[in-house]
Amino acid sequence: MESIFDLRGRTAVVTGGGIGLGYGIAEGLARAGADLILVSHNVREEPLQKLQDLGIKAAFIQADLQDLNGIESVVAQCLEAAGGKVDILVNNSGIIRRTPAADHPLSDWHEVLQLNLHAVFYLCQSFGKLMIQRGSGKIINIASMLSFQGGINVPGYTAAKHGVAGITKALANEWAKHGVNVNAIAPGYMATDNTQQLRDDEKRSAEILGRIPAGRWGTPEDLAGPAVFLASSASDYVNGHILCVDGGWMNR
């Protein structure tokens, strides 16, 4: 059974992989044996060293994924670092902007959609073409509870995450027959920088925790197992699925 989760000999690209949920996913993939390429806006040497200490190859590519014109260059750099073949793509990079919808700046709307949705599709398309040609590949997009719900004060983020769920299903419909699995993980309320404002609000934090059957905020480490499953042979017949990792939030 262990062998179907074994990622040795495979290379994964994880966007936003140097911090938070991205690093939790990257570490999980590394512990399963995958080599890693982290794509991030900021250079983060410490997580890179930690991954290398696990005995795998790890590289870092600095890139601004909001610059959609630069996506082609990012893909080329990833392929060069990977020796020409990327087996796993994890689209994790994202931002959130919190302002009531009536006052939501259009600049925030466009900025969030640019990174959280447009860049996700561009990367799926670029790496997906190569995976189709090869007849195998795993793409894991990071969705959200707001792929299903409306949220409060986050219209751009909600629109983007609904879109991520949609393109995950659309690409799975087209690419499953080519041996390419496209799925998504929808994290619940996780203890990261993106939720710091919520966690600092005692009333809102208590409301959130009161609805989570597990009774706690999630951690980046909670995504490691689901990511390894979706990246491995264990999920070869899983296509277009949005896997909620939420402590039971959606059950309520």
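Look a little higher up for the structure.
What counts, and at which threshold
Residues numbered from 1 in each chain as written. Predicted model: local features only at pLDDT ≥ 70, side-chain atom pairs only at ≥ 80, totals over all residues. Heavy atoms only, no water. Helix = DSSP H or I, 4+ residues; strand = E, 2+ residues; numbered from the N terminus. Buried < 20%, exposed > 50% of the residue type's maximum accessible area, 1.4 Å probe, protein only. Polar contact = N/O pair within 3.5 Å; in protein donor to acceptor, adjacent residues only side chain to side chain. Contact = heavy atoms within 4.5 Å. Phe/Tyr/Trp six-rings, centres within 6.5 Å; stacked < 30°, edge-to-face > 60°. Lys NZ or Arg CZ within 6 Å of the ring centre and 35° of its normal. Pairing = 2+ DSSP bridges. Axes fitted to C-alpha atoms, helices over the stretch in contact; angles between N-to-C directions. Parallel < 35°, antiparallel > 145°, perpendicular 65-115°, else oblique. Left-handed = near helix turned anticlockwise from the far one by under 90°. Nonpolar A, V, L, I, M, F, W, Y, C, P; charged D, E, K, R; others polar.

A. Local environment of the side chain of Thr168. Relative to the helices and strands, Thr168 resides in helix 5 (residues 155-175). Exposure remark for Thr168: the relative accessible area of 0% places this residue in the buried category. Of the polar contacts made by the side chain of Thr168, one reaches the backbone oxygen of Val164; its length is 2.7 Å. Thr168 has contacts with Asn141, Val182, Asn183, Ala184, Gly240, His241 and Ile242, leaving out every residue within four places of it along the chain.

B. A look at the packing of aromatic side chains. One pass over the structure, following the stated rule, counts two aromatic pairs. Centre to centre, the rings of Tyr189 and Trp217 are 5.8 Å apart; their planes meet at 90°, and the pair counts as edge-to-face. With Tyr189 in the loop between strand 6 (180-187) and helix 6 (196-200) and Trp217 in the loop between helix 7 (202-211) and helix 8 (224-231), this pair connects stretches of sequence that are 28 residues apart. Each member of the pair, Tyr189 together with Trp217, is buried. Among the aromatic side chains, those forming a connected cluster through ring pairs are Tyr189, Trp217 and Trp249. A cation sits over an aromatic face here: Arg211 above Trp249, 4.0 Å from the ring centre.

C. A look at the environment of Asn153. Tracing the chain through its elements places Asn153 in the loop between strand 5 (137-142) and helix 5. For Asn153 and Pro105, which are 48 residues apart along the polypeptide, the C-alpha to C-alpha distance reads 11 Å. In this structure, Asn153 is in contact with Arg97, Arg98, Thr99, Pro100 and His104, ignoring residues within four places of it in sequence.

D. Main features of the sheet that holds strand 2 (residues 35-40). Strand order across the open sheet formed by seven strands is 3-2-1-4-5-6-7, with parallel pairing between neighbours. Of all strands in the sheet, those bounded by a partner on one side alone are strand 3 (58-62) and strand 7 (242-245). Averaged over all neighbouring strand pairs, the angle between strand axes comes to 20°, with direction disregarded. Sheet topology note: the strand 1 (residues 11-15)/strand 4 (residues 88-91) ladder contains three bridges and is parallel. Paired with Val14 across the bridge in strand 4 is Val90. Relative to the sheet, helix 5 contacts strand 5, strand 6 and strand 7, its axis offset from that of strand 6 by approximately 160°.

E. Region of interest: the packing of helix 4 (residues 106-134) against helix 5. Orientation of helix 4 relative to helix 5, taken along the N-to-C sense of each, is 15°, at an axis distance of 8 Å. When the axes of helix 4 and helix 5 are compared, the pair comes out roughly parallel. Pair helix 4 / helix 5 crosses with right-handed handedness. Where helix 4 approaches helix 5, its residues Trp109, Val112, Leu113, Asn116, Leu117, Val120, Phe121, Cys124, Gln125, Gly128 and Ile132 are matched on the opposing element by Pro155, Gly156, Tyr157, Ala159, Ala160, Lys161, Gly163, Val164, Ile167, Leu171 and Trp175. Within the contact of helix 4 with helix 5, the residues separate by chemical class into 16 nonpolar, five polar and one charged.

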